[in-house]
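Take a look at the letters that make up each chain.
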There are 2 protein chains.
Amino acid sequence: MIDPVIRRAGLNDGPVLWAILAPVIRAGETYALPRDMGADAALDYWLSAEKQTFIAERDGIALGTYYLRPNQPGGGAHVANAGFMTTPAARGQGIARAMARDALARARAAGYRAMQFNFVIATNAGAIALWESLGFRTLCRLPLAFDHPHAGLVDALVMFQEL
Amino acid sequence: MIDPVIRRAGLNDGPVLWAILAPVIRAGETYALPRDMGADAALDYWLSAEKQTFIAERDGIALGTYYLRPNQPGGGAHVANAGFMTTPAARGQGIARAMARDALARARAAGYRAMQFNFVIATNAGAIALWESLGFRTLCRLPLAFDHPHAGLVDALVMFQEL
């Protein structure tokens, strides 16, 4: 599989990003975001000031996006956090893995000491397997912390790795 | 000990709140916030739209403040989060305990299913003992997730209780 090209998102990428974010937000199965969130609010969130936001493309077509940010400000800013979304059409093509490797490399280069995911939905088996394959471990499960639109109340995982 | 009066913070409470927040933020020992954070940014954070903010007073003197909010939006909004600060002069007078009991009661009344603290600094023994006495348990420790100004890198705790 040819790795996608990963570039910083720019000011004109709103429509491209929203096309990726909208199906994920509307499905409500993997992110704790309001399912009826509008484009402006979603882009404000995904491009907020503390985040660096990236787009993964193949042949000029955006297939995924991720952000990298400090998980906490102040005394917690040496631990990174990241969030990833791919287009439905791009699932299973290694886009998320390529983005995660890119995020880990950038986090290391930026001097982060660790990366933490705060809220990995327990039903999201593909993501959990991917994060484990990249070195993340589960620190704990948050009991019934996520209301899944089909599965009901399910756990969320805190995942972590030192860099 | 007479319980403090706890009331919603209003539009004119900025100076009162900042007097409580400033020493905690400047000390940098218990909150992952920038130690040089200005009053406007601190008040924007403590009074942000998703939070309900309260002030604990005795004889009309503000001794502490707390906020209550959904810990996550969307599918995570049934779990509450709260943050507490007391004035240095009011430590050891049961202000934090009274505020935490108030927060738990309000969270129950509002229909929250649980309350989670995301980042309790491991060196903050008084807070941890208080939360445990009120029914919180530690779900996991985040390894070296907080850079304490005197102790260096220390763990942070994820604490949780069902309501």
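Every value quoted in this text rests on a predicted model; they were computed, and no experiment measured them. Every residue gets a number counted from 1 within its own chain, in the order that chain's sequence is written. Whichever chain is written first is A, and whichever ligand is written first is 1; the rest continue in order. Given that this is a predicted model, residues contribute local features only at a pLDDT of at least 70 and side-chain atom pairs are listed and counted only at 80 or more, while totals for whole chains, interfaces and linings are drawn from all residues. Excluding hydrogens and water, the side-chain values take into account all heavy atoms of the structure.

Some points on the sheet that holds strand β7 (residues 152–162) of chain B
All names here are of chain B.
Move 1: With mixed pairing, 7 strands are arranged side by side in an open sheet as β1-β2-β3-β4-β5-β7-β6. Lying at the two open borders of the sheet, with one neighbouring strand each, are β1 (5–8) and β6 (137–148). This sheet shows a mean twist of 25° between the axes of neighbouring strands, independent of strand direction.
Move 2: For two strands to pair, DSSP has to find at least two bridges joining them. A run of H or I in DSSP becomes a helix once it reaches four residues, and a run of E becomes a strand once it reaches two; helices and strands are each numbered from the N terminus. As paired strands, strand β3 (residues 61–70) and strand β4 (residues 79–86) are joined by 7 bridges and run antiparallel to one another. Residue pairing across strands places Pro-70 opposite Ala-80, the latter belonging to β4.
Move 3: Helix-sheet contacts for helix α2 (residues 39–46) involve β2 (52–58), β3 and β4, and the interaxial angle to β3 is about 55°.
Move 4: Along the sheet, helix α3 (residues 95–109) makes contact with β1, β2, β3, β4, β5 (114–121) and β7, crossing β3 at roughly 30°. With axes taken as lines fitted to C-alpha atoms, and helix axes fitted only over the stretch in contact, angles between N-to-C directions fall between 0 and 180 degrees. In what follows, a contact means two residues having at least one pair of non-hydrogen atoms within 4.5 Å.

Describing unusual backbone geometry
Move 1: Located in the positive-phi region is Leu-144 of chain A, a residue other than glycine, with phi close to 55°.
Move 2: Along the chain, the position of Leu-144 of chain A falls in strand β6 (residues 137–148).

Some thoughts on the relation of the copies chain B and chain A
Move 1: With an RMSD of 0.0 Å, the fit of chain B onto chain A corresponds to turning through 180° and sliding 0.0 Å along the axis. Taken together, the rotation and translation relating the two chain copies correspond to the operation of a two-fold axis. The C-alpha atom lying nearest the rotation axis in chain B is that of Cys-140 of chain B; the distance is 2.8 Å.
Move 2: Comparing contact sets, 100% of the residues at the interface of chain B also lie at the interface in chain A, consistent with an isologous, same-surface contact. When the copies are superposed, the least-squares fit takes in the C-alpha atoms of residues with a pLDDT of at least 70 in both.

Some remarks on the interface of chain B and chain A
Move 1: With 27 residues of chain B at the interface, the matching set in chain A holds 27 residues.
Move 2: Note on chain B versus chain A: buried area summed over both sides is about 1900 Å², and carbon and sulfur give 67% of it.
Move 3: The definition of a polar contact used here is a pair of N or O atoms within 3.5 Å, where within protein one atom must be able to donate a hydrogen and the other to accept one, and adjacent residues in sequence count solely through side-chain atom pairs. At the boundary of chain B with chain A, the tally comes to 4 residue pairs in polar contact (both at pLDDT 80 or more).
Move 4: Listed by contribution, the elements that provide at least two residues to the side of chain B that touches chain A are β5, β6 and β7 of chain B.
Move 5: Ranked by the residues each element gives to the side of chain B that touches chain A, the list is headed by β6 of chain B, at 10 residues.
Move 6: Under the grouping applied here, Gly and all other residues not named as nonpolar or charged are polar, the nonpolar ones being Ala, Val, Leu, Ile, Met, Phe, Trp, Tyr, Cys and Pro and the charged ones Asp, Glu, Lys and Arg. Of the residues assigned to the side of chain B that touches chain A, the class counts are 16 nonpolar, 6 polar and 5 charged. Buried area is a sum: the accessible area each of two parts loses on coming together, probed at 1.4 Å, counted once for each and added.

Describing helix α1 (residues 14–27) of chain B
Quick reminder: α-helices carry 3.6 residues per turn. Residues three or four places apart thus point the same way.
All names here are of chain B.
Move 1: To estimate how far a helix should extend, the number of its residues minus one is multiplied by 1.5 Å. Its 14 residues place the ends of α1 20 Å apart at the C-alpha level, agreeing with the 20 Å of an ideal helix rising 1.5 Å per residue.
Move 2: To get the bend at a residue, fit one axis to the 7 residues ending there and another to the 7 starting there, then take the angle between the axes. Considering bend angle alone, the principal kink of α1 is centred on Leu-21 and spans about 30°; proline Pro-23 follows within four residues of it.
Move 3: Remark: exposure states derive from per-residue accessible area (1.4 Å probe, protein chains only) relative to the maximum for the residue type, with buried under 20%, exposed over 50%, and partly exposed in between. All buried positions along α1 are accounted for by Gly-14, Leu-17, Ile-20, Leu-21, Ala-22, Val-24 and Ile-25.
Move 4: Immediately downstream of α1, the backbone of Gly-28 shows phi near 70°, a positive value.

Observations regarding the pairing of strand β2 (residues 52–58) of chain A
Residue and element names in this part refer to chain A.
Move 1: Burial of β2 is extensive: 6 of the 7 residues sit out of reach of the surface.
Move 2: Bridge count between strand β1 (residues 5–8) and β2: 4 bridges; the pairing is antiparallel. From the neighbouring strand, Val-5 faces β2, where its bridge partner is Glu-57.
Move 3: For β2 and strand β3 (residues 61–70), the ladder comprises 7 bridges, and the chain directions are antiparallel. Paired with Arg-58 across the strands is Ile-61, a residue of β3.
Move 4: What sits between β2 and β3 in their antiparallel hairpin is a turn of 2 residues, with Asp-59 showing a positive phi close to 55°.

Topic: the sheet that holds strand β5 (residues 114–121) of chain A
All names here are of chain A.
Move 1: With mixed pairing, 7 strands are arranged side by side in an open sheet as β1-β2-β3-β4-β5-β7-β6. Whereas interior strands pair on both sides, the edge strands pair on one side only; in this sheet they are β1 and β6. When strand polarity is set aside, the average angle formed by the axes of neighbouring strands in this sheet is 25°.
Move 2: Pairing analysis gives 8 bridges linking β6 to strand β7 (residues 152–162), with the strands arranged antiparallel. Considered in β7, the bridge of Thr-138 is made with Met-159.
Move 3: Here helix α2 (residues 39–46) sits on the sheet and contacts β2, β3 and β4 (79–86); the angle it forms with β3, its principal contact strand, is near 55°.

Remarks on the environment of Gly-38 of chain B
Move 1: The residue Gly-38 of chain B is located in the loop between α1 and α2 in this model.
Move 2: The sequence separation of Gly-38 of chain B and Ile-25 of chain B amounts to 13 residues, and the corresponding C-alpha distance is 9.5 Å.

As for the environment of Ala-49 of chain B
Residue and element names in this part refer to chain B.
Move 1: Secondary-structure assignment places Ala-49 in the loop between α2 and β2.
Move 2: Residue classification places Ala-49 among the exposed residues on the basis of a relative accessible area of 83%.
Move 3: When the C-alpha positions of Ala-49 and Arg-69 are compared, they lie 9.3 Å apart, and in sequence the two are 20 residues distant.

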